[in-house]
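Spelled out, the chains give:
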Amino acid sequence: MPTTAIWWIRRDLRLTDNQALHLACTLAQQVLPVFIIDPGLQGSQYNSPKRASFLWGGLQALQQELQKIGSNLVVRTGAPAEVLGQLCLDNGAVAVCAERDYSPYAVARDGRVAQRLGDHLHLTPGVSIREPATVLKDDGRPYTVFTPFSRRWQAPGPIRRSVVIPAPHTLTTPQGIASEPTPAPTVVAPLARFPPGEPAAKQRLATFVNGETAPVFDYANQRNLPGIDGTSQLSPYLRFGMISPRLTALAAYEAIARAPTAESRRGAEVWLSEIIWREFYIQILHHFPYVRSSCFRPIYDGVAWANNPVDFAAWCEGRTGYPIVDAAMRQLAQTGWMHNRTRMIAASFLVKDLLIDWRWGERWFMQHLLDGDPAANNGGWQWTAGTGTDAAPYFRVFNPVSQGQRFDPQGAYIRRWLPELAAVDERDIHEPWLMPRSDQIRAHCQIGQDYPAPITDHAFSRQRVLAAYKAAGAEIAE
DNA sequence: TTTTGAGTTGTTCGA
DNA sequence: GTCGAACAACTCAAA
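For every chain, the first residue of its written sequence is number 1, and the numbers climb from 1 along that sequence. For naming, the first written chain is A and the first written ligand is 1, with later ones following in the order written. In view of the model being predicted, local features appear only for residues whose pLDDT reaches at least 70, and side-chain atom pairs are presented and counted only at 80 or more, with totals across whole chains, interfaces and linings using the full set of residues.

Chemist: Which parts of the structure should I look at to understand the overall build of chain A?
Modeler: Helix and strand assignments follow DSSP, with helices taken as H or I runs no shorter than four residues and strands as E runs no shorter than two, numbered in order from the N terminus. Across its full length, chain A holds 19 helices and five strands. Expected size for 478 residues packed as a compact globule is a radius of gyration near 23 Å; at 24 Å, chain A falls within 12% of this value. Overall, chain A is about 80 × 55 × 50 Å in size when its C-alpha atoms are taken along their principal axes. With C-beta atoms placed from the backbone, a residue is labelled by how many other C-beta atoms lie within 10 Å of its own: buried for 20 or more, exposed for 12 or fewer, partly exposed between the two. The buried share among the 478 residues of chain A stands at 46%. If you take every contact in chain A between residues at least 6 apart in sequence, the share linking residues at least 24 apart comes to 77%. The globule rule is 2.2 Å times the number of residues to the power 0.38, and the radius of gyration it is compared with is taken over C-alpha atoms. Two residues qualify as a contact pair if the distance between their C-beta atoms, derived from the backbone, is within 7 Å.

Chemist: When you look at the protein's contact with DNA strand C in this model, what are you seeing that I'm missing?
Modeler: In the vicinity of DNA strand C, the contacting residues are Lys137, Asp138, Tyr143, Thr144, Val145, Pro148, Arg151, Arg152, Pro393, Tyr394 and Phe395. Under the grouping applied here, Gly and all other residues not named as nonpolar or charged are polar, the nonpolar ones being Ala, Val, Leu, Ile, Met, Phe, Trp, Tyr, Cys and Pro and the charged ones Asp, Glu, Lys and Arg. Residue classes in the surface near DNA strand C are distributed as six nonpolar, one polar and four charged. Being near a molecule or strand means, for a residue, that its C-beta atom, positioned from the backbone, comes within 6 Å of it.

Chemist: In this structure, what is going on with the environment of His458? I would like to understand it.
Modeler: Relative to the helices and strands, His458 resides in helix α19 (residues 458-477). The exposure class assigned to His458 is partly exposed, which follows from the 18 C-beta atoms found within 10 Å. When the C-alpha atoms of His458 and Lys352 are compared, they prove to be 9.4 Å apart, with 106 residues separating the residues in sequence. Discounting chain neighbours no more than four positions away, the residues touching His458 are Asp353, Asn399, Pro400 and Val401.

Chemist: I keep staring at the domain arrangement of chain A and nothing clicks. Help me out?
Modeler: Much of the literature gives interface size as the accessible area that the parts lose upon coming together. Just so you know, the domain bounds were taken from an automatic or database domain assignment. For chain A, the assigned domains are domain 1 (4-126), domain 2 (128-162 + 198-287) and domain 3 (298-473). Spacing between the C-alpha centres of domain 1 and domain 3 amounts to 38 Å. Taken together, the contact between domain 1 and domain 3 spans eight residues of the former and nine residues of the latter. Its residues assigned to classes, the side of domain 1 that touches domain 3 shows two nonpolar, four polar and two charged.

Chemist: What's the story with the protein's contact with DNA strand B in this structure? I'm lost.
Modeler: Phe146, Thr147, Asp390, Arg396 and Asn399 are the nearest of the 17 residues found near DNA strand B. Secondary-structure elements contributing two or more residues to the surface near DNA strand B are α5 (146-154), α10 (262-287) and α16 (400-407). The residue inventory of the surface near DNA strand B, partitioned by class, reads nine nonpolar, four polar and four charged.

Chemist: Can you help me understand the sheet that holds strand β5 (residues 121-124) in this one?
Modeler: Adjacent strands of a sheet pair through backbone hydrogen bonds, lying either parallel or antiparallel. We call two strands paired when DSSP finds no fewer than two bridges between them. Read across the sheet, five strands follow the order β3-β2-β1-β4-β5 without closing on themselves; strand pairing throughout is parallel. The open sheet has two edge strands with one neighbour each: β3 (74-77) and β5. Pairs of neighbouring strands in the sheet enclose a mean axial angle of 30°, with direction left out of account. Bridge count between strand β4 (residues 93-99) and β5: four bridges; the pairing is parallel. In the sheet register, Glu99 faces β5, and the bridge partner there is Thr124. Helix axes are fitted to C-alpha atoms over the stretch in contact, other axes to C-alpha atoms as well, and angles between N-to-C directions run from 0 to 180 degrees.

Chemist: Mind showing me how you'd approach the nonpolar core here?
Modeler: Soluble, globular proteins show a tendency: their nonpolar side chains are buried together. Definition of nonpolar core: a set of buried Ala, Val, Leu, Ile, Met, Phe, Trp, Tyr and Cys residues joined via C-beta atoms within 7 Å. Ile6, Trp7, Ala24, Val34, Val96 and Cys97 are the most contacted members of the largest nonpolar core, which totals 127 residues. Aside from chain neighbours lying at most four places away, what touches Ala24 is Ala5, Trp7, Val31, Ala95 and Cys97.

Chemist: Where do I start with the environment of Ile129 in this structure?
Modeler: Within the fold, Ile129 resides in the loop between β5 and α5. For Ile129 and Ile9, which are 120 residues apart along the polypeptide, the C-alpha to C-alpha distance reads 18 Å.

Chemist: Explain helix α15 (residues 374-385) here, please?
Modeler: Two residues of an α-helix separated by three or four positions point the same way, owing to the 3.6 residues in each turn. Every helix has an expected span of 1.5 Å times one less than the residues it contains. Look at α15: 16 Å from first C-alpha to last across twelve residues, which is about the 16 Å you get at 1.5 Å a residue. In terms of burial, α15 is a largely internal element, twelve of the twelve residues being buried. Listed in full, the buried residues belonging to α15 are Pro374, Ala375, Ala376, Asn377, Asn378, Gly379, Gly380, Trp381, Gln382, Trp383, Thr384 and Ala385. Where α15 is buried, its residues contact α10, α13 (340-353) and α14 (358-368). Directly beyond the C-terminal end of α15, a positive phi value near 80° is found at Gly386.

Chemist: For this particular structure, what's the right way to read the pairing of β3?
Modeler: Regular strands show a simple pattern: their side chains alternate between the two faces of the sheet. Burial of β3 is one-sided: the residues Val74 and Arg76 facing one way are buried, the residues Val75 and Thr77 facing the other way are not. In this sheet, β3 lies alongside strand β2 (residues 30-37) in parallel orientation, the contact comprising four bridges. Across the sheet, residue Ile37 finds its bridge partner in β3, namely Thr77. Since β2 and β3 lie parallel, the crossover through helix α2 (residues 49-68) that links them has a hand, and here it is right-handed. For crossovers, right-handed means that the path from the first strand over the helix to the second runs clockwise, given strands pointing away from the viewer.

Chemist: Before we go on, may I ask you to explain helix α12 (residues 323-335) in this structure?
Modeler: Between its terminal C-alpha atoms α12 stretches 18 Å, which fits the 18 Å expected from 13 residues at 1.5 Å a residue. Taken as a whole, α12 has its buried residues at Pro323, Ile324, Val325, Asp326, Ala327, Ala328, Met329, Gln331 and Leu332. Looking at the buried side of α12, the elements it contacts are α11 (309-316), α13, α14, α16 and α17 (412-417). Looking one or two residues past α12, Gly336 carries a phi angle of roughly 75°, positive in sign.

Chemist: Where do I start with the pairing of β4 in this structure?
Modeler: Across the seven residues that make up β4, a large majority, six, are buried. Read from β4 through helix α4 (residues 104-117) to β5, the crossover connection turns out right-handed.

Shown next, in the form of structure tokens:
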């Protein structure tokens, strides 16, 4: 009777460079790939129908890839400790292999599984490239500032191609173990922009880095322009491990090595540093799990938020009257993705202009982003709110008009997501409320009718938020 | 232990 | 229109 190991799939929906799968292959003659739908996650405030659709598509794609190599995916529903315990009993599995996940929920869940399975559970690296416990200061404590973290992270030198584990050519899987019939979730996001699965992820990576004139070489400049596809758009794939994070870092290092000019080299370096930002926030959440519900800097727990639900609804639905903000929120609602620059602008607007608790925005993003990840999303929101590690100075308040003018000068992004502004003159696209009535009629965009007037005055809001943050600081100082 | 330099992504104001 | 300074003070990392 051949020995069996379970490959427990969580956020590693891929065959290439998968350390959990690889370990399973070395520990047993047969490998049983298992994905468990965990009802413990269903009630979470971070639940997302969009992300569920993307995950479901990813599982179907993985099943296709597995069948090509003679294997088969088993999907079960239930508490992972119970499901895995039963599968081990039924199949005499000698090991369960999974990539270690550092989010608080995952740590608790894996603790329960470890209690049930004992040393049959094997956790490997893979979700992050360098594990949190391996990138520490000389005194053994974690970094809380990005730049020194990044230096230490890069100290071992470039990722080598030789470390990447190829996809197995064949995978022997015990026969006759059925999936439970699971109804497919309603597809609520048009996934055409992000076709789920490893082949699509590899294709996207290749498009971004291959060739003399690859987008990665223009990344330093173009990544800030939301009207252009200047970013890799790999985030949803990284979220579910449809591409190996290590493989993206390898691609970045290789791009740095073959960059034809200093400027293109810089593009690849900036992209690598974005990959390291992902690692940074993974280790922040790991070492400081309280950030999930509180400010990294406790002083800001005292900010007196306005938390006006009417303002919040306007922000969610993309009708604040500030075009760059509304375009961003519509892009999110329609596609499950938002450009990085506009994430900052929209987030800054919610927190600083509307004076709404960053957690409200964090939750909304988690409910809609295909790439919604507790570590990266929390880190980004706390950064924008100025409550996090490496926090922005309190006086850095984005101006939604000047940000739009700077990064979307012709309004290409705005026009794409706000068709009601399509005919507005370039001169007015970031401040449509300033148009004279005759121009509004000519552009088929009457303010207050076709497109809202601004829900708040930026100059007023700026003063209000500066005062609110200052007051939170003063409170502590007393 | 003390000291020193630095810290992703901005805005506004006044010369 | 352009440009530099001011906007607080603090905490962190490393010497």
